[in-house]
Amino acid sequence: MVKNIKDFASRHDFIEWLKKVLSEKGVKIKKRLSQTFLIDLNELKYIATTIKNEAVNTPCIIEIGAGIGNLSIFLALENSDKVVVSIEIDKQFTDFLKELQDDFPNIDFIIGDAKLILNSIRDCNAVVGNLPYHITSQLLVTIAKGNADIALVTVQKEVAERIISKPGSRNYGKLTVFLQHLFHVKYLKTISLNKFYPKPEVHSAVVILKRKRVYDDFSKLFENVVKCLFSFRRKVISKALTKCLDGNVVEYFNGLKEVWGKRVYQLSVEELEKIVYTLAKQKS
Ligand SMILES: C[S@@+](CC[C@H](N)C(=O)[O-])C[C@H]1O[C@@H](n2cnc3c(N)ncnc32)[C@H](O)[C@@H]1O
């Protein structure tokens, strides 16, 4: 059994270990599943220690996309008081991940689709992962609708910029607003593309999401209204609302005077919440 990261790192040149694993096991790297592996020991350690410091009140941490377990083992070593539930969709890693479990008994590997499994895992309120890039938005929305109080995710840098963007900016959109409605979001650091194998085309970034409110009926309505409004992002809110509600919106004028002339992409999350709240109140 491996006891600490120093022990592991001293016995393995990480990139050599990775290449050996990939060739010995006959692993075929699948681009369509966004398979690119973080091979930098410092970055792996950074993610594992950050989640350790943030996820204090949870018996387990969920990892999305275990791959060959390179991040999973760091998570397990740094969080030895917790179970790391690592989900991986690609069955070709099954045997290898099972073997790893002998050295790291606090990892529980599950083969399956994280989008479907994630929110059925009870009592884990921390999620971490170097997210598969082709389904990043879907996974972020799934995380947001689940129990996670903390999500520490590595995403493409441009997605990270969307997540943290401010009203009025080019990146500000429905994903930004939905996530910032439910979480406090923070850009932690950029990870250069050289730190992955095979090298991806773009840089990545680590972002932390800390729960502000749970996804409830109001959030559901908020999600739907925002989705529609942002399909008219450059229109003033009165016009966008007319389109989304398919009718006369004058009845909302008094409650929404201050924002009536603003364009959708200029509205803050709080202003959008007020709009949805006003719609909900007037209808009830
Ligand atoms: C960017 S790689 C990360 C690999 C490794 N954990 C790391 O940090 O270097 C993303 C991983 O997610 C897996 N994956 C893709 N779609 C998935 C899904 N729907 N559910 C679970 N895992 C998925 C891929 O097979 C791949 O191993």
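Reading the values: rules and limits
Residues numbered from 1 in each chain as written. Predicted model: local features only at pLDDT ≥ 70, side-chain atom pairs only at ≥ 80, totals over all residues. Helix = DSSP H or I, 4+ residues; strand = E, 2+ residues; numbered from the N terminus. Buried ≥ 20, exposed ≤ 12 C-beta atoms within 10 Å, placed from the backbone. Contact = placed C-beta atoms within 7 Å. Near = placed C-beta within 6 Å. Nonpolar A, V, L, I, M, F, W, Y, C, P; charged D, E, K, R; others polar. UniProt positions renumbered as here; feature names shortened; annotations may be inferred. Core = buried A, V, L, I, M, F, W, Y, C linked by C-beta atoms within 7 Å. Domains from an automatic or database assignment. Axes fitted to C-alpha atoms, helices over the stretch in contact; angles between N-to-C directions. Parallel < 35°, antiparallel > 145°, perpendicular 65-115°, else oblique. Left-handed = near helix turned anticlockwise from the far one by under 90°. Pairing = 2+ DSSP bridges.

## Focus on the overall build of the protein chain
- On a plain count of helices and strands, the protein chain comes out with twelve helices and nine strands.
- In terms of overall dimensions, the protein chain has a C-alpha envelope of 70 × 35 × 30 Å along the principal axes.
- Counting only residues that meet the buried cut, the protein chain has 36% of its 284 residues in that class.
- Here the contacts in the protein chain between residues at least 6 apart in sequence split such that 67% fall between residues at least 24 apart.

## What to know about the site of the ligand
- With respect to spatial proximity, 22 residues lie near the ligand, and among them Gly65, Gly67, Ala114, Asn130 and Pro132 are the closest.
- Secondary-structure elements contributing two or more residues to the shell around the ligand are β1 (37-38), α4 (70-78), β3 (83-88) and α6 (114-117).
- A class-by-class count of the residues in the shell around the ligand yields eleven nonpolar, seven polar and four charged.

## Quick word on the UniProt feature "binding site: S-adenosyl-L-methionine" (unreviewed entry) in the protein chain
- The feature "binding site: S-adenosyl-L-methionine" (unreviewed entry), as given by UniProt, occupies Leu38, Gly65, Glu88, Asp113 and Asn130 in the numbering adopted here.
- As for its placement among the helices and strands, Leu38 is situated in strand β1.
- Among residues more than four places away in sequence, those in contact with Leu38 are Glu43, Leu44, Asn70, Leu71, Asn130, Lys195 and Phe196.
- Inspection of the secondary structure assignment puts Glu88 in strand β3.
- Excluding residues within four positions of it along the chain, Glu88 makes contact with Gly65, Ala66, Gly67, Phe93, Leu97, Phe109 and Ile111.

## Thoughts on the nonpolar core
- Membership of the largest hydrophobic core comes to 78 residues, with the highest contact counts inside it found for Ile51, Ile61, Leu75, Ala126 and Leu179.
- Residues lining this core come from more than one domain, with at least three contributed by each of domain 1 (2-211) and domain 2 (217-283).

## Section: the packing of helix α7 (residues 136-145) against helix α9 (residues 174-182)
- Where α7 meets α9, the closest approach of the two axes is 10 Å, and the angle between their N-to-C directions is 25°. Taken together, the axis directions place α7 and α9 in an arrangement best described as roughly parallel. Considering the relative orientation of α7 and α9, their crossing is left-handed. Contacts between α7 and α9 involve Ser137, Leu140, Val141 and Ala144 from the former and Leu175, Phe178, Leu179 and Leu182 from the latter.
- The class makeup of the residues in the contact of α7 with α9 is seven nonpolar, one polar and no charged.

## Let's talk about the UniProt feature "domain: Ribosomal RNA adenine methylase transferase N-terminal" (unreviewed entry) in the protein chain
- This chain's UniProt record puts "domain: Ribosomal RNA adenine methylase transferase N-terminal" (unreviewed entry) on residues 47-213.
- The distance separating the terminal C-alpha atoms of residues 47-213 is 24 Å; by composition the span is 35% helix and 28% strand.

## Structural notes on the sheet that holds strand β9 (residues 204-211)
- Pairing within the open sheet is mixed, and its seven strands lie in the order β4-β3-β2-β5-β6-β9-β7. Of all the strands in the sheet, just β4 (107-111) and β7 (183-191) have a single pairing partner and so form its edges. Direction aside, the axes of adjacent strands within the sheet are offset by 20° on average.
- The sheet contact formed by strand β2 (residues 60-64) and strand β5 (residues 126-130) spans two bridges and is parallel. Residue Glu63 lies in a different strand from β5, and its bridge partner there is Val128.
- Its contacts with the sheet put α9 on β7 and β9, and the angle it makes with β7 is roughly 120°.

## With respect to the packing of helix α3 (residues 41-54) against α4
- Contact pair α3 / α4: the axes reach a minimum separation of 9 Å and the direction vectors enclose 45°. Viewed along their axes, α3 and α4 adopt a mutual orientation that is oblique. The handedness of the crossing between α3 and α4 comes out as right-handed. Each of Leu44, Lys45, Ile47, Ala48, Thr49, Ile51 and Lys52 in α3 lies in contact with α4, whose residues at this interface are Asn70, Leu71, Phe74, Leu75 and Glu78.
- A class-by-class count of the residues in the contact of α3 with α4 yields seven nonpolar, two polar and three charged.

## Focus on the environment of Arg162
- With respect to the helices, strands and loops of the structure, Arg162 is situated in helix α8 (residues 157-164).
- For Arg162, a count of 22 C-beta atoms within 10 Å puts it in the buried group.
- A sequence separation of 15 residues divides Arg162 from Val177, and the C-alpha atoms of the two residues are 9.5 Å apart.
- Ignoring any residue separated from it by four or fewer positions in sequence, one finds Arg162 in contact with Asn171, Gly173, Leu175 and Thr176.

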